[in-house]
Protein chains: 2
Amino acid sequence: MLEPVDNLIRALSRLPGLGRRSAERAALALISKPDQLAAPLLQALGEVRDTVICCELCGGLTLAGQQPCRMCVDQNRDSKLLCVVEEPADILAIERSGVYNGRYHALHGKLSPSRRNSPENLRFRELFQRIPEDGIEEVVLALSTDLEGDATAAYINEMLVSAKVKVSRLAFGLPTDSGIGYSDPVTLKRAINGRFPV
Amino acid sequence: MLEPVDNLIRALSRLPGLGRRSAERAALALISKPDQLAAPLLQALGEVRDTVICCELCGGLTLAGQQPCRMCVDQNRDSKLLCVVEEPADILAIERSGVYNGRYHALHGKLSPSRRNSPENLRFRELFQRIPEDGIEEVVLALSTDLEGDATAAYINEMLVSAKVKVSRLAFGLPTDSGIGYSDPVTLKRAINGRFPV
């Protein structure tokens, strides 16, 4: 294999969702269609590198020169409601649902002893500072439903025990369009425990 | 969504194997890890653009300044055997199998009336020229097993009828590690017709 091609395959295969095989296909497509595929990707990557930064307040994405981000200053959003997420990507997912209209706070990770994510490495200090300063009344934890998400939720809850703020977490249960037979035991256990009268 | 982020998602989603959702995940990973993901990808893309070209002889990939490519001049390869493929990527796939040691010829497509791929747009002229010139004794057609691949194979076979050259095509049948229940009817039909005594 030519070295530059191999480098491209390796760079692509580091992306989430791309295995070695699909990275190879993508690389060869990029090579065979330089104008349609490679040039736009090069330009978009450069543009993102040069213009996209993190909002100092919420940790979400914003453009250079737009600090804090548009969502942090949007007067039409409920400024008493704060949704805590792990990554900026989670903000986009929640926005797509169309059901939330408060502010956000991205931790940039979750508590994970194995990955050396101690509280100091995440954006907890900013979180605990803004909750009283911004007059937040409810903190909605939109965290992963794994052990690390649970640990992160427990930590935040503990830190906020003495604060006059409601802390809630997104519901656990069965995802939409999924059969019982496809559900893992933990999801099923949580769904059964959380059953509701019809 | 921020425009540069959207542009990146769109550029990524044009790659084969990446849907809108996985392009979104990849874009956000690229943004959140600029040094580990975006910088190597930017560099690899630029390097490929600047150094990787097509071999004038076989149509496969080679480096600028290496014309014809290494496989075309490799004395350890059987120069009487020519494998015809559609894309340079197919050469890599066959090389990975480790079972072929002849030369290659990439057509850069297949005959496809609907996509306006008439014979003049593909590398047929170069193919029919090199077969007598290089003293090729067998042409192995490693083409897609779809209608367009069949049409391309039929066209090449017809053009070589009067030439003193053997033309073969890769076997049709069941892929490895695949159950009968997962096979489509055409594959099964071809596998049954091609059954062999055990």
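Everything below is about the structure printed above this text.
Bear in mind the structure is a predicted one, so any value in this text is a computation, not a measurement.

Enquirer: Would you mind going over the interface of chain A and chain B in detail, with residue names and values included?
Expert: Counting residues at the interface gives 42 residues for chain A and 42 residues for chain B. Summed over both partners, the interface of chain A with chain B buries about 4,000 Å², with 77% contributed by carbon and sulfur atoms. Among the residues of chain A in contact with chain B, A:L2, A:L42 and A:L45 are the three that bury the most area, contributing 15% of the side total. Our enumeration of links across chain A and chain B arrives at 2 salt bridges. Residue A:E24 pairs with B:R96 through a salt bridge whose shortest N-O separation is 2.4 Å. Contributing elements (two or more residues each) for the side of chain A that touches chain B: α1 (3–13), α2 (20–32), α3 (34–51), β2 (61–63) and α5 (88–97) of chain A. By residue number, the principal contributor to the side of chain A that touches chain B is α3(A), which donates 13 residues. A breakdown of the residues in the side of chain A that touches chain B according to their chemical character gives 28 nonpolar, 6 polar and 8 charged.

Enquirer: Pulling in residues and values, what's your account of the relation of the copies chain A and chain B?
Expert: Overlaying chain A with chain B gives an RMSD of 0.1 Å, the required rotation being 180° about an axis along which the chain moves by 0.1 Å. One copy is carried onto the other by what is essentially a two-fold rotation axis. No C-alpha of chain A approaches the rotation axis more nearly than that of A:L42, which lies at 3.2 Å. Same-surface contact between copies: 100% of interface residues of chain A are shared with the interface of chain B.

Enquirer: Now, about the sheet that holds strand β3 (residues 78–85) of chain B: what can you tell me, with residues and values included?
Expert: Residue and element names in this part refer to chain B. Across the sheet, 4 strands lie side by side as β4-β3-β5-β6; this open sheet has parallel pairing. On the outer flanks of this sheet lie β4 (102–106) and β6 (166–169), each paired with one strand and no other. For this sheet, the mean inter-axis angle between neighbouring strands, taken without regard to orientation, is 25°. Across 4 bridges, strand β5 (residues 138–142) lies against β6 in parallel orientation. Its bridge partner being in β6, V140 is matched across the sheet by S168. Against the sheet, helix α7 (residues 147–159) makes contact with β3, β5 and β6, and its axis sits at roughly 170° relative to β6, the strand it touches most.

Enquirer: Pulling in residues and values, what's your account of the pairing of strand β5 (residues 138–142) of chain A?
Expert: Residue and element names in this part refer to chain A. The buried fraction of β5 amounts to 4 of the 5 residues, a majority that puts the element mostly inside the structure. In terms of strand pairing, strand β3 (residues 78–85) meets β5 through 5 bridges, oriented parallel. Residue pairing across strands places V84 opposite L141, the latter belonging to β5. Assessed by its sense of winding, the connection that carries the chain from β5 through helix α7 (residues 147–159) to strand β6 (residues 166–169) is right-handed.

Enquirer: Requested: an account of the packing of helix α1 (residues 3–13) of chain B against helix α2 (residues 20–32) of chain B, with residues and values cited.
Expert: When two helices pack together, their arrangement is captured by the angle between the axes and the distance separating the axes. Residues and elements named next belong to chain B. Across the interface, α1 lies against α2 with an axial gap of 8 Å and an inter-helix angle of 125°. Here α2 runs oblique to α1, going by the angle between their axes. When the axes of α1 and α2 are compared, the crossing they make is right-handed. Of the residues in α2, those in contact with V5, D6, L8, I9, L12 and S13 of α1 are R20, A23, E24, A26, A27, L30 and I31. Classifying every residue of the contact of α1 with α2 by side-chain character gives 9 nonpolar, 1 polar and 3 charged.

Enquirer: Can you tell me about the layout of surface pockets, naming the residues and giving the values?
Expert: The computed volume of the second largest pocket comes to approximately 960 Å³. Along the wall of the second largest pocket there are 34 residues; nearest its centre are A:E87, B:L28, B:A29, B:S32 and B:K33. Looking at the lining of the second largest pocket, the elements with two or more residues in it are α3, β1 (52–54) and α5 of chain A together with α2 and α3 (34–51) of chain B. When residues of the lining of the second largest pocket are assigned to their parent elements, the largest contribution, 8 residues, is made by α2(B). Along the lines of polarity and charge, the residues of the lining of the second largest pocket split into 18 nonpolar, 5 polar and 11 charged.

Enquirer: Could you give an account of the nonpolar core, naming the residues involved and the relevant values?
Expert: In terms of nonpolar packing, the biggest core is built from 50 residues, with A:L8, A:L12, B:L8 and B:L12 touching the most fellow members. For this core, the secondary structure elements donating two or more residues are α1, α2 and α3 of chain A together with α1, α2 and α3 of chain B. If sequence neighbours within four positions are ignored, A:L12 has contacts with A:L18, A:A23, A:A26, A:A27, A:L30 and B:L41. Counting residues in hydrophobic clusters, the runner-up holds 17 residues, among them A:V84, A:F124, A:F128 and A:I136.

Enquirer: Go over the side chain of A:R103, please, and point to the residues and values.
Expert: Residues and elements named next belong to chain A. Residue position: R103 is located in strand β4 (residues 102–106). Despite its burial, R103 pairs with no opposite charge; the closest candidate is D74, at 5.9 Å N-O. Within the local environment of R103, its side chain forms a polar contact with the backbone oxygen of D74, the two atoms lying 3.0 Å apart. In this structure R103 touches M71, C72, V73, D74, R77, D78, S79, L81, L82, C83 and R130, once residues within four positions along its chain are discounted.

Enquirer: Could you give an account of the sheet that holds β5(A), with specific residues and numbers?
Expert: All names here are of chain A. Spatially, 4 strands are ordered β4-β3-β5-β6 in an open sheet, and the strand pairing comes out parallel. Of all strands in the sheet, those bounded by a partner on one side alone are β4 and β6. Across the sheet, the axes of successive neighbouring strands diverge by a mean angle of 25°, strand direction being ignored. Contacting β3, β4 and β5, helix α6 (residues 124–133) crosses the sheet at an angle of about 155° to β4. Most of the contacts of α7 go to β6, to which it runs at about 170°, and overall it touches β3, β5 and β6.

Scoring rules and cut-offs
- Residues numbered from 1 in each chain as written.
- Chains lettered and ligands numbered in written order.
- Predicted model: local features only at pLDDT ≥ 70, side-chain atom pairs only at ≥ 80, totals over all residues.
- Heavy atoms only, no water.
- Contact = heavy atoms within 4.5 Å.
- Buried area = accessible area lost by both parts, 1.4 Å probe.
- Salt bridge = Lys/Arg side-chain N within 4 Å of Asp/Glu carboxyl O.
- Helix = DSSP H or I, 4+ residues; strand = E, 2+ residues; numbered from the N terminus.
- Nonpolar A, V, L, I, M, F, W, Y, C, P; charged D, E, K, R; others polar.
- Least-squares fit on C-alpha atoms with pLDDT ≥ 70 in both.
- Pairing = 2+ DSSP bridges.
- Axes fitted to C-alpha atoms, helices over the stretch in contact; angles between N-to-C directions.
- Buried < 20%, exposed > 50% of the residue type's maximum accessible area, 1.4 Å probe, protein only.
- Right-handed = clockwise from strand over helix to strand, strands pointing away.
- Parallel < 35°, antiparallel > 145°, perpendicular 65-115°, else oblique.
- Left-handed = near helix turned anticlockwise from the far one by under 90°.
- 1 Å grid on protein atoms, 1.4 Å probe; cavity = no way out; pocket = protein on both sides within 12 Å on 5 of 7 lines; lining within 4 Å.
- Points joined across faces, edges and corners; volume = space filled by probe spheres on them.
- Core = buried A, V, L, I, M, F, W, Y, C linked by side-chain atoms within 4.5 Å.
- Lys, Arg positive; Asp, Glu negative; His and termini not counted.
- Polar contact = N/O pair within 3.5 Å; in protein donor to acceptor, adjacent residues only side chain to side chain.

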